[in-house]
Amino acid sequence: MEKKNIDWGNLGFAYMETDKRYVSNYKNGKWDEGALISDAAVTISECACVLQYAQTCFEGLKAYTTEDGHIVTFRPDLNAERMVSSAKRLEMPVFPKERFVDAVAKVVEANEAYVPPFGSGATLYLRPYMFGSNAVIGVKPADEFQFRIFCTPVGPYFKGGVKPLTIRVSDFDRAAPCGTGDIKAGLNYAMSLHAIVSAHQEGYDENMYLDPKTRTKVEETGGANFLFVTKDNKVVTPKSDSILPSITRRSLIYVAKEYLGLEVEEREVFFDEVKDFAECGLCGTAAVISPVGKIVDHGKEICLPSGMTEMGTVTKKLYDTLTGIQMGRIEAPEGWIKVI
Ligand code: PLP
Ligand code: COI
């Protein structure tokens, strides 16, 4: 398979149209058989539920070229399961898990020429999503839906690759108590757009959201969960009902315990504790693990001891082990890697 002529090493996290995408339509209470198509455009009613009432959810996962030349995806079954939770919460039909995993494989296969080569630093990002497509004007769910997956080759989510980030505590909330923070609904991201634009304008890379009820506990950022490392090398990660259950985080917890022999605490993390941590990182499919060097709370700076030039030692070990598993350099736990 001849690869596309792309400057893999200099890709950012941006959309590039690729050859094929998967589409399945839901009508009269059932999904059609689905197909790969070439047209990248979506045509829907001006009054589609997604356009009026944001009835949409999505997922994100990556395909990798391993050292020995296979193409693999990482735990697509967990993305399928999370999309089931998102769909249920948004009154959308469930797209069956086996069909999700199969459609991911089809899209990767059909766009093999866009899967970045091993060692290029780039990956193929897959974006499954679903939306209410028929017209509704009263506030109610659609009864027709589209499930789609497109893919695009990407580089690092944050400019500068693995250079530590500076983030700030946001004055805006990301999710309400008993809201939709624990699902991957488009609406969660719509309401974070103003906060991210103003963070960037003020020179910050991301927002740290606190729990909306008490504003004393760390939640997550707009697109990743937090991992902290204590001065005695314990991994600490926030537990909350209003953050997205990150697949990367779940995997890193396992890696920390089972591969690196580290102690892990998944628990409420008070913002007051953050000043005492040794390392901080943002974890997610797009972010992988992006180290944080500085956290600013209304002018008060917390400088992590790991500094602004490189990843902390434990963060680096986690990063190397996880990416080693994903790229086939390190043996993966049973079921984590799906060869295409
Ligand atoms: N939190 C938010 C808000 C996200 O958008 C993401 C990205 O998917 C994550 C966390 C990380 O989740 P995952 O590791 O499953 O990609
Ligand atoms: C992902 O990591 O897959 C996401 O969906 C996060 C988004 C901010 C790109």
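Residues numbered from 1 in each chain as written. Chains lettered and ligands numbered in written order. Predicted model: local features only at pLDDT ≥ 70, side-chain atom pairs only at ≥ 80, totals over all residues.

Within an unreviewed UniProt entry, the label attached to the chain reads branched-chain-amino-acid transaminase, and the organism entered is Qiania dongpingensis. The annotation that UniProt attaches to the chain under Cofactor (unreviewed entry) is "pyridoxal 5'-phosphate". Quoted verbatim from the Sequence similarities (unreviewed entry) field of UniProt, the annotation for the chain is "Belongs to the class-IV pyridoxal-phosphate-dependent aminotransferase family." (UniProt positions renumbered as here; feature names shortened; annotations may be inferred.)

Q: Quick one: what's the story with the overall build of the chain, residue by residue and with numbers?
A: Of regular secondary structure, the chain possesses seven helices and 17 strands. For a compact globule of 340 residues, the expected C-alpha radius of gyration is about 20 Å, and the chain comes in at 20 Å, within 12% of that figure. Seen along its three principal axes, the alpha-carbon backbone of the chain occupies a region of about 55 × 50 × 35 Å. Each of the 340 residues in the chain was classed as buried or not, and the buried ones make up 42%. (Helix = DSSP H or I, 4+ residues; strand = E, 2+ residues; numbered from the N terminus. Rg over C-alpha atoms; globule rule 2.2 N^0.38 Å. Buried ≥ 20, exposed ≤ 12 C-beta atoms within 10 Å, placed from the backbone.)

Q: If you had to explain the domain arrangement of the chain to someone new, which residues and values would you point to?
A: Taken domain by domain, the chain consists of domain 1 (21-154) and domain 2 (165-326). Distance from the C-alpha centre of domain 1 to the C-alpha centre of domain 2: 26 Å. Each partner contributes to the interface: domain 1 provides 18 residues, whereas domain 2 provides 13 residues. Contributing elements (two or more residues each) for the side of domain 1 that touches domain 2: β4 (56-58), β5 (61-65) and α2 (76-89). (Domains from an automatic or database assignment. Contact = placed C-beta atoms within 7 Å.)

Q: Run through the packing of helix α6 (residues 247-259) against helix α7 (residues 313-326), naming residues and quoting values.
A: Where α6 meets α7, the closest approach of the two axes is 10 Å, and the angle between their N-to-C directions is 105°. With respect to their mutual orientation, α6 and α7 come out roughly perpendicular. Listed contacts from α7 to Ser 251, Leu 252, Val 255, Ala 256 and Tyr 259 of α6 are Leu 318, Thr 321 and Leu 322. Of the residues in the contact of α6 with α7, the class split is six nonpolar, two polar and no charged. (Axes fitted to C-alpha atoms, helices over the stretch in contact; angles between N-to-C directions. Parallel < 35°, antiparallel > 145°, perpendicular 65-115°, else oblique. Nonpolar A, V, L, I, M, F, W, Y, C, P; charged D, E, K, R; others polar.)

Q: Describe α6, listing the residues and the values that go with them.
A: With 13 residues, α6 extends 17 Å from end C-alpha to end C-alpha; this agrees with the ideal 18 Å at 1.5 Å per step. What α6 keeps buried is the set Ile 247, Thr 248, Arg 249, Ser 251, Leu 252, Ile 253, Val 255 and Ala 256. Tucked into the core, α6 has its buried residues touching α2, β11 (225-229), β12 (235-238), β13 (264-267), β14 (279-284) and α7. Positive phi shows up at Gly 261, right after α6, with a value of about 65°. (Expected span 1.5 Å × (residues − 1).)

Q: With reference to specific residues and values, describe the site of ligand 2.
A: The immediate surroundings of ligand 2 are formed by Gly 60, Gly 223, Gly 284, Thr 285 and Ala 286. The class makeup of the residues in the shell around ligand 2 is one nonpolar, four polar and no charged. (Near = placed C-beta within 6 Å.)

Q: Before we move on, could you go through the site of ligand 1 and cite the residues and values that matter?
A: With respect to spatial proximity, the complete set of residues near ligand 1 consists of Gly 60, Glu 220, Gly 223, Ala 224, Asn 225, Leu 244, Ser 246, Ile 247, Thr 248, Arg 249, Gly 284 and Thr 285. Residues that form the shell around ligand 1 fall into these classes: three nonpolar, seven polar and two charged.

Q: For the UniProt feature "modified residue: N6-(pyridoxal phosphate)lysine" (unreviewed entry) in the chain, give the residues involved together with the corresponding values.
A: Those places that UniProt annotates as "modified residue: N6-(pyridoxal phosphate)lysine" (unreviewed entry) correspond, in this numbering, to Lys 184. Tracing the chain through its elements places Lys 184 in the loop between β9 (165-169) and α4 (186-190). Here Lys 184 falls in the buried class, since 23 other C-beta atoms lie within 10 Å of it. Apart from residues no more than four positions distant in its own chain, Lys 184 is found in contact with Cys 57, Phe 58, Glu 59, Arg 82, Ser 86 and Leu 244.

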